[in-house]
Amino acid sequence: MPDRDDLAVRIDKLETLLAYQEQTFEDLSKVVTEQWQEIAGLKRQLAKLTDQLRTVEAHPALAPQDEAPPPHY
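Quick caveat, the model's predicted, so the values are computed rather than measured.

Re the overall build of the protein chain
Counting its regular elements, the protein chain contains one helix and zero strands. Structurally, the protein chain occupies a C-alpha span of about 90 × 35 × 15 Å along its principal axes. Counting the 73 residues in the protein chain, one finds 1% classified as buried. Accessible surface computed for the protein chain: about 7400 Å², of which carbon and sulfur atoms make up 60%. With 8 positive and 14 negative side-chain charges, the protein chain shows a spacing of 5 Å between the two charge centroids.

Section: a nonpolar patch on the surface
Where nonpolar side chains cluster on the molecular surface, the patch consists of Val 32, Trp 36 and Ile 39 and spans about 300 Å² of accessible area. Note on placement: Val 32 falls in helix α1 (residues 4-58). Residue classification places Val 32 among the partly exposed residues on the basis of a relative accessible area of 39%.

What to know about the environment of Leu 53
As for its placement among the helices and strands, Leu 53 is situated in helix α1. You can call Leu 53 partly exposed: its relative accessible area is 48%. Taking the C-alpha atoms as reference points, Leu 53 and Ala 19, 34 residues apart in sequence, are found 51 Å from one another.

Here's the deal with the environment of Gln 45
Considering the arrangement of structural elements, one finds Gln 45 in helix α1. When the C-alpha atoms of Gln 45 and Glu 57 are compared, they prove to be 18 Å apart, with 12 residues separating the residues in sequence.

Conventions we followed
Residues numbered from 1 in each chain as written. Predicted model: local features only at pLDDT ≥ 70, side-chain atom pairs only at ≥ 80, totals over all residues. Heavy atoms only, no water. Helix = DSSP H or I, 4+ residues; strand = E, 2+ residues; numbered from the N terminus. Buried < 20%, exposed > 50% of the residue type's maximum accessible area, 1.4 Å probe, protein only. Areas by Shrake-Rupley, 256 points an atom, 1.4 Å probe, with all protein chains shown as cover. Lys, Arg positive; Asp, Glu negative; His and termini not counted. Charge placed at Lys NZ, Arg CZ, Asp CG, Glu CD. Patch = residues over 30% accessible without salt bridge, like charges linked within 9 Å, V, L, I, M, F, W, Y side chains within 5 Å. Salt bridge = Lys/Arg side-chain N within 4 Å of Asp/Glu carboxyl O.

If you want it as structure tokens, here you go:
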């Protein structure tokens, strides 16, 4: 049967492991939150670009015209 000192060492080790796991969970949660925010921004940007493309496709006259190359070409 383990003595008190051995149990205390094992408990300390478990508490240390738990503390590192809690920090890892917090770090991962922060990263996931940042990624979701970035994904949401990219979705908004994609929706805006999709709307712009539909507008250009529906009204080709509104599309920017090809410009002649500069004289140095």
